[in-house]
Amino acid sequence: MEDKMIRTARMKLDSAQRILVMSGAGLSTEAGIPDFRSKNGLYSQNFFGYNPETILSHDFYLNQTELFYDYLRTRLNYTGILPDESYRLLAHLEATGKVHAIITQNIDSLHLEAGSERVIELHGTLKRYYCDKCETPYDPIQMMTPGQSPHCECGGLIRPDVVLFDESVPRIGDAWMTADQCDLLLVLGTSLRVYPAASLPTLFLEKKLPVVIINRDPTPYALSPGVTEINGEIGKTLRELFPDFFSE
Ligand SMILES: [Zn+2]
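Residues numbered from 1 in each chain as written. Predicted model: local features only at pLDDT ≥ 70, side-chain atom pairs only at ≥ 80, totals over all residues. Heavy atoms only, no water.

Novice: If you had to explain the domain arrangement of the protein chain to someone new, which residues and values would you point to?
Specialist: On domain assignment, one finds that the protein chain holds domain 1 (2–33 + 83–123 + 167–247) and domain 2 (42–77 + 130–162). Its C-alpha centre places domain 1 at a distance of 30 Å from the equivalent point of domain 2. (Domains from an automatic or database assignment.)

Novice: Kindly report on the side chain of Arg159, identifying the contributing residues and their values.
Specialist: Position of Arg159 relative to the elements: it lies in strand 6 (residues 158–162). Of note is the side chain of Arg159, whose polar atom sits 2.9 Å from the side chain of Glu167. Leaving out residues up to four positions away in the same chain, Arg159 has contacts with His58, Tyr61, Tyr69, Arg128, Tyr129, Tyr130, Asp132, Leu164 and Glu167. (Helix = DSSP H or I, 4+ residues; strand = E, 2+ residues; numbered from the N terminus. Polar contact = N/O pair within 3.5 Å; in protein donor to acceptor, adjacent residues only side chain to side chain. Contact = heavy atoms within 4.5 Å.)

Novice: Mind laying out unusual backbone geometry, listing which residues take part and the relevant values?
Specialist: The phi torsion at Phe48 lies on the positive side, around 50°, for a residue other than glycine. Along the chain, Phe48 falls in the loop between helix 2 (25–31) and helix 3 (52–55). A positive phi angle, near 55°, is found at Leu192, a position not held by glycine. Structurally, Leu192 can be placed in the loop between strand 7 (184–188) and helix 10 (200–206). With relative accessibility at 4%, the residue Leu192 sits in the buried group. (Buried < 20%, exposed > 50% of the residue type's maximum accessible area, 1.4 Å probe, protein only.)

Novice: Would you mind going over the nonpolar core in detail, with residue names and values included?
Specialist: Among the nonpolar cores identified, the biggest contains 54 residues, and Phe68, Leu72, Tyr129 and Leu186 are the most heavily contacted of them. When residues in this core are grouped by element, the largest group, five residues, is from helix 5 (residues 65–75). Split by domain, this core shows at least three residues from each of two domains, domain 1 (2–33 + 83–123 + 167–247) and domain 2 (42–77 + 130–162). In contact with Leu72, not counting residues within four places along its chain, are Leu56, Asn77, Leu126, Tyr129, Met144 and Pro160. Ranked by size, the runner-up nonpolar core spans 20 residues in total, among them Leu122, Phe204, Tyr221 and Val227. (Core = buried A, V, L, I, M, F, W, Y, C linked by side-chain atoms within 4.5 Å.)

Novice: Could you give an account of the sheet that holds strand 5 (residues 137–138), naming the residues involved and the relevant values?
Specialist: Read from one edge of the open sheet, three strands run 5-4-6, paired in antiparallel fashion. If you trace the sheet from one side to the other, it starts and ends with strand 5 and strand 6, each paired once. Bridging between strand 4 (residues 124–131) and strand 5 involves two bridges; their strand directions are antiparallel. The partner of Tyr129 across the bridge, within strand 5, is Tyr138. Packing of helix 5 onto the sheet brings it into contact with strand 4 and strand 6, and relative to strand 6 it is tilted by some 50°. (Pairing = 2+ DSSP bridges. Axes fitted to C-alpha atoms, helices over the stretch in contact; angles between N-to-C directions.)

Novice: Explain the packing of aromatic side chains to me, using residue names and the numbers behind them.
Specialist: Under the criterion given, the structure shown has seven aromatic pairs. Measuring from ring centre to ring centre gives 5.7 Å for Phe68 and Tyr69, while their planes differ by 80°; the resulting arrangement is edge-to-face. Comparing Phe68 with Tyr69, the two get one shared label, buried. Directly above the aromatic system of Tyr61 lies the positively charged group of Arg159, at a separation of 5.7 Å from the ring centroid. (Phe/Tyr/Trp six-rings, centres within 6.5 Å; stacked < 30°, edge-to-face > 60°. Lys NZ or Arg CZ within 6 Å of the ring centre and 35° of its normal.)

Novice: I'd like a description of the coordination of the zinc ion, backed by residues and values.
Specialist: The expected angle between donors at a tetrahedral four-coordinate metal is 109.5 degrees. At an octahedral six-coordinate metal it is 90 or 180 degrees. Those donors, Cys131 (SG), Cys134 (SG), Cys152 (SG) and Cys154 (SG), are the protein atoms that reach the zinc ion, and they lie 2.2 to 2.3 Å from it. For the zinc ion, the four donor atoms in the first shell make angles of 102 to 115° at the metal, so the coordination geometry reads as tetrahedral. Considered as a linear motif, the donors of the zinc ion on their single chain read C-x2-C-x17-C-x1-C. Here Cys131, found in strand 4, pairs with Cys152, found in the loop between helix 8 (140–143) and strand 6; they are 21 residues apart in sequence, far enough to count as distant. A single burial state applies to Cys131 and to Cys152, both of which are buried. (Donors = N, O, S within 2.8 Å, 3.2 Å for Na, K, Ca; no water. Tetrahedral: all angles 85-135°; square planar, octahedral: opposite > 155°, others 65-115°.)

Novice: Would you mind going over the pattern of salt bridges in detail, with residue names and values included?
Specialist: Pairs can form between side chains of opposite charge whenever their charged atoms are close. Applying the stated criterion across every chain, the model contains nine salt bridges. Here Asp161 and Arg128 are joined by a salt bridge, their closest N and O atoms 3.0 Å apart. Here the residue Asp161 occupies a position in strand 6, and Arg128 occupies one in strand 4, the gap between them amounting to 33 residues. Residue Asp161 is classed as partly exposed on the basis of its relative accessible area, which comes to 24%. For Asp217, the salt bridge identified is with Arg216, shortest N-O distance 3.5 Å. The exposure class of Arg216 is exposed, given its relative accessible area of 57%. (Salt bridge = Lys/Arg side-chain N within 4 Å of Asp/Glu carboxyl O.)

Listed below in structure tokens is the structure:
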């Protein structure tokens, strides 16, 4: 059964000209980034009595800046985590023209670090910091150092370039426009349950364009016509789908 799915997925990927990749937490997790949304993931663990969605809000950042930073430094510190083979494959596929762009929900910038260039980071990234008043950029490694002041010289507050829970997703227009230029959607490591990303497959299916999904658990699209879904490890599945890259 699985073999047939792999064959179908490989055939669709082979005939696609401009692939759009949509990546989520599952891809980051395989590279060693702590999991957010799973049952025992970060988002189910409170911090000093606060739940993560409260802490990662603009309101909390403004009013409890020290605790906000303590949370980033202890729970969302990605220093030293590097992109794995899957990320390198995607960068390679972009260089050869096969992958047109990547839309990601992840905030670790691993795609950019792997060498991918057209990356839409829907929720921003924890690898960039700036002053919310004068917009001076700040070094992320410096900001991850305990005791580092969150105040800019101008009196503003330094913030990570991420979309907080009570903020809107500014790059969604970009994402939709990019999606419109692609002929296959490859979804990696997201259960497609959180909007706006969850509505991306529909955009392709309505145009009768193929959707290939690799995710550990079944997604709501698993049985939709036009969708080839493989439930398993992303790295292992990509090895089977792109054997040439991995044999080099
Ligand atoms: Zn400033």
